[in-house]
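Per-entry structural report
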Amino acid sequence: MPGFHPDPAVCRVGDDYYLANSSFEFFPGLPLHHSRDLVHWRPIGHAVDRPDQLALDGIRPSGGLYAPALTHHGGLFHLVCTLVDGPEQSGTFLLTAEDPAGRWSDPVWLPEAPGFDPSLFFDDDGTAHLLGTRQTDEAGHTEIWLRALDLAAGRLTGPEHVIFRGALVDAVWAEGPHLYRHDGYYHLVIAEGGTDHDHAVTVARSRTLTGPYRNNPRNPVLTHRHLGRSHPVTGAGHADLVQTPAGDWYALLLASRPYGGDHANLGRETFLARVEWEDGWPVVNPGTGRLEEWTEVALPPHAWPEPDPVDHFDAPVLRPEWNLLRTPRTELYTLTERPGHLRLRLLPQTLAEPGTPAFVGRRQQHHHFTAETELDFEPAAPEECAGLVLLQNHDFHIRLTVGATADGAKAARVTVRSGGTEAVPAELPLAPGPVRLAVRAAGQDYTLLCSQHADRWDKLATVDGRILSSRLAGGFTGAYVGLYATGPAATGPAASGQLHGASRGADFDWFRYTPTDPRPASDGEEGPA
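The structure displayed is predicted, hence computed values, not measured ones.

With that settled, the discussion passes to the overall build of the protein chain. A tally of helices and strands in the protein chain yields 1 helix and 37 strands. Over its C-alpha trace the protein chain gives a radius of gyration of 24 Å, about what one expects of a compact globule, namely 24 Å for 529 residues. A burial count over the protein chain gives 58% of its 529 residues as buried. Element-wise, carbon and sulfur atoms account for 50% of the exposed surface of the protein chain, whose accessible area totals about 20,700 Å². The distance from the centre of the 42 positive side-chain charges to the centre of the 67 negative ones in the protein chain is 1 Å.

Here it is, written out as structure tokens:
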């Protein structure tokens, strides 16, 4: 699962596999995918897709929805998750659905559940139990706790049991717990070492649910920290195991692929590994003990139709790969006012603040890619602009926008915002009428181009993409590429209306995202692809 898909949680129902991932401040939240072979995944929706489910308003970058866990029991899908730093309510909650591609319930909040990274476990007798992670000091030491859960009442019951504190001496950030029954044991699989270079997967087991849990003497069962920062895949950890109908086991886990130095613009991605059991313990990718470029899966291949790389915005709703920032409380866009176009409202919120601007974005999923769009927009005030953006967070992003200069002329402008400080390395006059905008990324070189001619692209600038990595920007998310518009705040009678900018939006005719050849972009008249 290339691009920003961290903290994978997987469950199997018959021959079908379902995957959930963290989404932090992005909306809709908690993306869901479906597979029949653990290799090919298709998006089927989001567990949080209604503004009234929970509030993400004003959430700080990398706050929000952390580490879901997904299970199926009694004809229902159950998803537990933590909302971190919520503006109205924070903590652990439970969602349910009969169909993961359908409507998920409103959250059932579990205020008795401390900490983060909850996981739901159903024992052989049908009883439900909640695991979680609680920090015990400022140094990052944690403990894994377990408590019974009354699903009908929506509350924890009975005593709490602390069952593990990490596999290694002075282990930090022992988190992301999952429980499994295998060969007469309860197996506890956790992440350890922090979700960066020192990340790892460790295991403990017990004959009884509440422990004591014996540490696997071969821990960690998977890590890449000993391979050095030059290894192409780093930070491997946070695994969830799944068993096929034939009895084979696999792990889905997160890791990162840095490039251009220790910079992983794509964020933490979902990887697949084989699991075999030896001496009663899980062994990940036997023979190498690390993530491999290729993994043999003992399931019949089941590919899904490839989506069109061009979104023509001719559907009644946005395609599932698109996200907004935080919870939308006003209409940010419309697909119907100008059929075949995405019209973004000229809202006063900007990308340079932790709000909900008129931004529609999708994950960057390749080290080398091209993103293009055609924009029809005539700015009428200096505060108005619209265009193509590359986003890490409100203080670290790159904007290629069409706006007005001080003398009222129309121009394309590149703005690089790093650490909250903005620079404008390039500006190019434009004629009235539509303009094509593009970014071509060759590794960490992001080249911004525009065109008002059928056979020529004009290069504005090549900028350093490392500011889109969490190594510089901080946080836990990967880079997004998307479409954006903003304008001055409404005054007078329009100020009370929800649809300020409705008559004067920024219209995007289409958007194309494609992986590309890693060779440097041409400065001549060739297209960006």
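The topology assignment puts Thr270 in strand 21 (residues 269-278). Residue classification places Thr270 among the buried positions, given a relative accessible area of 7%. As a C-alpha pair, Thr270 and Met1 span 269 residues in sequence and 5.0 Å in three-dimensional space. Residues in contact with Thr270, not counting those within four places in the same chain, are Met1, His5, Pro8, Leu19, Asn21, Leu252 and Leu253. Among the polar contacts listed, one links the side chain of Thr270 to the side chain of Asn21, at a separation of 3.1 Å.

Moving on, we come to the packing of aromatic side chains. With the rule as written, the count across this model stands at 16 aromatic pairs. With centroids separated by 6.1 Å and ring planes inclined at 40 degrees, the aromatic side chains of Phe313 and Trp322 adopt a geometry described as tilted. Residue classification places Trp322 among the buried positions, given a relative accessible area of 3%. Of the aromatic side chains, those joined through ring pairs into one cluster are Phe4, Phe24, Phe26, Tyr66, Phe476 and Tyr480. One cation-aromatic arrangement involves Arg205 over Trp281; the distance from NZ or CZ to the ring centre is 4.1 Å.

On to the sheet that holds strand 32 (residues 421-429). Pairing in this open sheet of 6 strands is antiparallel, and the strands run 27-36-29-30-31-32 from one edge to the other. The sheet is open, and its two borders are formed by strand 27 (358-363) and strand 32, each paired with just one other strand. Averaged over all pairs of adjacent strands, the angle between strand axes in this sheet comes to 20 degrees, irrespective of strand direction. The sheet contact formed by strand 30 (residues 396-404) and strand 31 (residues 410-418) spans 9 bridges and is antiparallel. Its bridge partner being in strand 31, Val402 is matched across the sheet by Ala412.

Applying the stated criterion across every chain, the model contains 34 salt bridges. Here Glu331 and Arg345 are joined by a salt bridge, their closest N and O atoms 2.3 Å apart. One end of the pair, Glu331, is in the loop between strand 24 (324-325) and strand 25 (333-334); the other, Arg345, is in the loop between strand 26 (342-344) and strand 27, with 14 residues separating them in the sequence. The buried category is assigned to Arg345, whose relative accessible area is 0%. Asp507 is the partner of Arg343 in a salt bridge, and the nearest nitrogen-oxygen pair spans 2.7 Å. Remark: Asp507 occurs in strand 37 (residues 506-515) and Arg343 occurs in strand 26; sequence separation between them is 164 residues. Take Arg343 and Asp507: they sit in the same class, and that class is buried. By sharing partners, the salt bridges in this structure join Glu331, Glu337, Arg338, Arg343, Arg345, Asp376 and Asp507 into a single network.

Moving on, we come to the side chain of Arg363. Relative to the assigned elements, Arg363 resides in strand 27. No salt bridge forms around the buried Arg363; measuring N to O, its nearest opposite-charge neighbour Glu321 is 8.7 Å away. Of note is the side chain of Arg363, whose polar atom sits 2.6 Å from the backbone oxygen of Phe4. Polar contacts involving the side chain of Arg363 include one to the side chain of Asn323, which spans 3.3 Å. Those residues in contact with Arg363, other than ones at most four positions away along the chain, are Phe4, His5, Pro31, Glu321, Asn323, Ala479, Tyr480 and Tyr513.

With that settled, the discussion passes to the sheet that holds strand 4 (residues 29-35). With respect to topology, 4 strands assemble into an open sheet ordered 1-2-4-5, the strand pairing being antiparallel. Each edge of the open sheet carries a strand with a single partner, namely strand 1 (9-13) and strand 5 (42-48). Across this sheet, the average inter-strand angle for adjacent strands is 25 degrees, counted without regard to direction.

This paragraph deals with the environment of Arg440. Within the secondary structure, Arg440 is located in strand 33 (residues 435-442). In the structure, Arg440 is positioned 68 residues away from Glu372 in sequence and 8.6 Å away in space, judged by C-alpha atoms.

The next thing to look at is the pairing of strand 13 (residues 155-164). The side chains of a regular strand alternate, first on one face of the sheet and then on the other. Two elements, strand 12 (residues 142-150) and strand 13, share 6 bridges in a ladder whose sense is antiparallel. Across the sheet, the residue bridging to Trp145 is Val162, located in strand 13. From the end of strand 12 to the start of strand 13, which pair antiparallel, there are 4 residues, and Gly154 there has a positive phi angle of about 65 degrees.

In this section: unusual backbone geometry. Looking along the chain, the bond that leaves Phe27 and enters Pro28 is cis, with omega of -5 degrees. Counting through the fold element by element, Pro28 comes out in the loop between strand 3 (26-27) and strand 4. Along the chain, Gly211 connects to Pro212 via a cis peptide bond; the corresponding omega equals 10 degrees. Of note, the phi angle at Ser62 is positive, near 70 degrees, even though the residue is not glycine. Within the element layout of this structure, Ser62 appears in the loop between strand 5 and strand 6 (64-73).

This part is about the pairing of strand 22 (residues 281-284). In terms of strand pairing, strand 21 meets strand 22 through 4 bridges, oriented antiparallel. Considered in strand 22, the bridge of Glu276 is made with Val283. From the end of strand 21 to the start of strand 22, which pair antiparallel, there are 2 residues, and Asp279 there has a positive phi angle of about 55 degrees.

The subject of this paragraph is the side chain of His78. Secondary-structure assignment places His78 in strand 7 (residues 76-84). The exposure class of His78 is buried, given its relative accessible area of 5%. Among the polar contacts made by the side chain of His78, one reaches the main-chain carbonyl oxygen of His73 at a distance of 3.3 Å. Residues in contact with His78, not counting those within four places in the same chain, are Ala69, Leu70, Thr71, His73, Leu94, Leu95, Thr96, Leu120, Phe122 and Leu151.

Right, let's get into the environment of Gly235. Among the structural elements, Gly235 can be located in strand 19 (residues 234-243). For Gly235, a relative accessible area of 7% puts it in the buried group. Placed 36 residues apart in sequence, Gly235 and His199 show a C-alpha to C-alpha distance of 4.9 Å. Beyond its immediate stretch of four places on either side in the chain, Gly235 contacts Asp196, His197, His199, Leu254 and Ala255.

Reading guide: rules and limits
Counting from 1, residues in each chain are numbered in the order their sequence is written. The predicted origin of the model limits local features to residues at a pLDDT of at least 70 and limits the giving and counting of side-chain atom pairs to 80 or more, whereas totals for whole chains, interfaces and linings rest on all residues. Hydrogens and water are ignored here; the side-chain numbers use all heavy atoms of the structure. Working definition: helices are DSSP H or I runs of at least four residues, strands are E runs of at least two. Numbering for both runs from the N terminus. Both definitions apply: the radius of gyration is a C-alpha atom measure, and the globule rule equals 2.2 Å times residues to the power 0.38. Each residue's exposure class comes from its accessible area (1.4 Å probe, protein chains only) as a fraction of the maximum for that residue type: buried when under 20%, exposed when over 50%, partly exposed otherwise. Computed by Shrake-Rupley with a 1.4 Å probe, the accessible areas treat only the displayed protein chains as cover when residues are assessed. Positive: Lys, Arg. Negative: Asp, Glu. His and the chain ends are not part of the count. For this purpose, a charge sits on NZ of Lys, CZ of Arg, CG of Asp or CD of Glu. By the convention used here, residues are in contact when the closest approach between their heavy atoms is within 4.5 Å. Pairs of N or O atoms are called polar contacts if they sit within 3.5 Å, as long as, within protein, a hydrogen donor faces a hydrogen acceptor (for residues adjacent in sequence, only side-chain-to-side-chain pairs). Two rings from Phe, Tyr or Trp (for Trp, the six-membered ring) form a pair when their centres sit within 6.5 Å of each other. Planes less than 30 degrees apart are called stacked, planes more than 60 degrees apart edge-to-face, and all others tilted. We call a charge positioned above a ring when the Lys NZ or Arg CZ atom is no farther than 6 Å from the ring centre and deviates by at most 35 degrees from the ring normal. DSSP calls a pair of strands paired once it identifies at least 2 bridges connecting them. Think of each axis as a best-fit line through the C-alpha atoms, taken over the contacting stretch in the case of a helix, with angles from 0 to 180 degrees between the N-to-C directions. Every case where a carboxyl oxygen of Asp or Glu lies within 4 Å of a side-chain nitrogen of Lys or Arg is listed as a salt bridge.

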